[in-house]
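Structural overview
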Amino acid sequence: MTGEFGSIFLVFAVAFLFFGLIPGIGAFFVRSRWRLFRRRITESSLYPFLSYSDLSRRGDFLGRYRVFGYLEAIQGENSIWVNNGSFTVEADLSQAKLYFLPSFSAGIRTLPVERLQEEIPDDQPALVSWNLIYSLPAGTQMFIAGQLFSEAGRAVFRSRSRDPLLVVLYDGERNTIVQRAVWGGRQRNEYWNQSTLA
C-alpha cells in the first residue's frame with residue numbers, strides 16, 4: 001500500500017513539475033519581459049525627438065533621444081543608417097534586439113482596431129536579436145530610442161549593458177506606435193513559452 005501511494009505521489013510530482021512549475025516559472029519570465037518592453041516604450045515616448053542641432057553638440061554622451069525614420073543603409077555587420085526625412089543618423093545594433101510590431105490592415109472596417117477600440121490583436125510583437133537578422137529592405141520604417149554618443153565627429157545610437165537601444169520596426173501610422181506597442185506587447189498565452197517545451 002505504501003509503495004502504491006509512493007508511485008501515485010511520484011506521478012503527481014512529475015506532473016506538477018512539468019505541467020505546473022516549469023511553465024509557471026516561464027510565465028513569470030515572459031510576463032516580466034513584456035512588462036519591461038511596455039515600460040521602455042512608455043519611457044521612450046518622453047525622450048525628445050532628435051534634431052539636426054543635437055548632432056553637433058559637444059561631448060561624448062549627447063543624451064537620450066528618439067527618432068522615427070526609415071532604413072537607408074546597412075554598414076558592416078552591426079551599423080545601420082536611419083533617415084528621418086531631414087537627416088541621417090547611425091545606430092549600432094551589435095547588442096540590440098529588434099521588435100517587429102504587427103501591422104493593422106488599412107480600411108474603414110479596421111479603423112477602430114488601429115485606434116485600439118477593439119480587442120487585443122492576435123499577434124504580439126516579434127522579438128529578434130540583430131545577429132539573427134541577415135537583411136532588411138531599404139525603406140523599412142523604424143523607431144529608435146536610447147543613448148546617443150558622438151564618435152569621430154558623427155552621432156551614433158548605441159546600447160549599453162543596462163540601457164539597451166529600443167528598436168521597433170512597424171507599419172502604419174507612426175503616431176499610434178506607442179499605443180499599439182503597449183496594447184499588443186504581451187504574451188497571448190503566458191504558460192506556453194520556451195520553458196513549456198521541456
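So, how was this worked out
Residues numbered from 1 in each chain as written. Predicted model: local features only at pLDDT ≥ 70, side-chain atom pairs only at ≥ 80, totals over all residues. Heavy atoms only, no water. 1 Å grid on protein atoms, 1.4 Å probe; cavity = no way out; pocket = protein on both sides within 12 Å on 5 of 7 lines; lining within 4 Å. Points joined across faces, edges and corners; volume = space filled by probe spheres on them. Helix = DSSP H or I, 4+ residues; strand = E, 2+ residues; numbered from the N terminus. Nonpolar A, V, L, I, M, F, W, Y, C, P; charged D, E, K, R; others polar. Buried < 20%, exposed > 50% of the residue type's maximum accessible area, 1.4 Å probe, protein only. Contact = heavy atoms within 4.5 Å. Pairing = 2+ DSSP bridges. Core = buried A, V, L, I, M, F, W, Y, C linked by side-chain atoms within 4.5 Å. Phe/Tyr/Trp six-rings, centres within 6.5 Å; stacked < 30°, edge-to-face > 60°. Lys NZ or Arg CZ within 6 Å of the ring centre and 35° of its normal.

Computed from the structure, the largest pocket encloses a volume of approximately 260 Å³. What lines the largest pocket is simply Arg33, Leu36, Phe37, Arg40, Gln95, Lys97, Tyr99, Leu127, Val128, Ser129, Pro164 and Leu165. For the lining of the largest pocket, the secondary structure elements donating two or more residues are helix 1 (2–44), strand 4 (97–100) and strand 5 (126–129). If one sorts the elements of the lining of the largest pocket by residue count, helix 1 sits on top with four residues. When grouped by side-chain class, the residues that make up the lining of the largest pocket number seven nonpolar, two polar and three charged. By volume, the second largest pocket amounts to about 190 Å³. Lining the second largest pocket we find 13 residues, and of these Arg40, Glu43, Tyr47, Asp163 and Pro164 sit closest to its centre. Going through the elements one at a time, helix 1 and strand 6 (141–151) are the ones with two or more residues in the lining of the second largest pocket. Among the elements that make up the lining of the second largest pocket, the one with the highest residue count is helix 1 (five residues).

With that out of the way, let us pick up the side chain of Arg158. As for its position among the elements, Arg158 is in strand 7 (residues 154–158). When its relative accessible area of 19% is taken as the criterion, Arg158 is described as buried. The contacts of Arg158, once residues within four sequence positions are left out, are Asp92, Gln147, Phe149, Glu151 and Leu165.

This part takes up the environment of Phe143. Residue position: Phe143 is located in strand 6. Between the C-alpha atom of Phe143 and that of Ile177, which follows or precedes it by 34 residues, the distance is 8.6 Å.

A few words now on the pairing of strand 4. Alignment of strand 4 against strand 5, held across four bridges, turns out to be antiparallel. Pairing of Phe100 across the sheet is with Ala126, part of strand 5. Pairing geometry for strand 4 and strand 8 (residues 166–169), over three bridges, is parallel. If you follow Phe100 over to strand 8, its bridge partner there is Leu169.

Now for the environment of Arg57. Residue position: Arg57 is located in the loop between helix 2 (52–55) and strand 1 (61–75). Each C-alpha atom of the pair Arg57 and Gly153 lies 10.0 Å from the other, and the pair is 96 residues apart in sequence. Apart from the residues lying within four places of it in its own chain, the contact partners of Arg57 are Leu62 and Tyr65.

Let us look at the nonpolar core. Soluble globular proteins tend to pack their nonpolar side chains together in the buried interior. Core analysis: the largest hydrophobic core is formed by 24 residues, its most contacted members being Ile80, Leu93, Ile144 and Phe157. Elements supplying a minimum of two residues to this core: strand 1, strand 2 (79–83), strand 3 (88–92), strand 6, strand 7 and strand 8. Ranked by the residues each element gives to this core, the list is headed by strand 1, at four residues. Among residues more than four places away in sequence, those in contact with Ile144 are Tyr65, Arg66, Val67, Ile80, Val82, Ala91, Phe157, Leu165, Leu166 and Val167. Core analysis: the second largest hydrophobic core is formed by 14 residues, Phe37, Leu101, Ala145 and Leu166 among them.

This part takes up the packing of aromatic side chains. Aromatic ring pairs are reported here in terms of the distance separating the ring centres and the angle at which the planes meet. Taken as a whole, this structure holds six aromatic pairs when the rule is applied. For the pair Phe49 and Phe68, a centre-to-centre distance of 6.1 Å together with 40° between the ring planes defines the contact as tilted. Placement of Phe49 in the loop between helix 1 and helix 2 and of Phe68 in strand 1 is noted, with a sequence separation of 19 residues between them. The rings of Phe49, Phe68, Phe143 and Tyr170 are connected pair by pair, giving a single aromatic cluster. Between Arg66 and the ring centre of Phe49, over which it is positioned, the NZ or CZ distance is 3.8 Å. Just above the ring of Phe149 sits the side chain of Arg160; from NZ or CZ to the centre is 4.4 Å.

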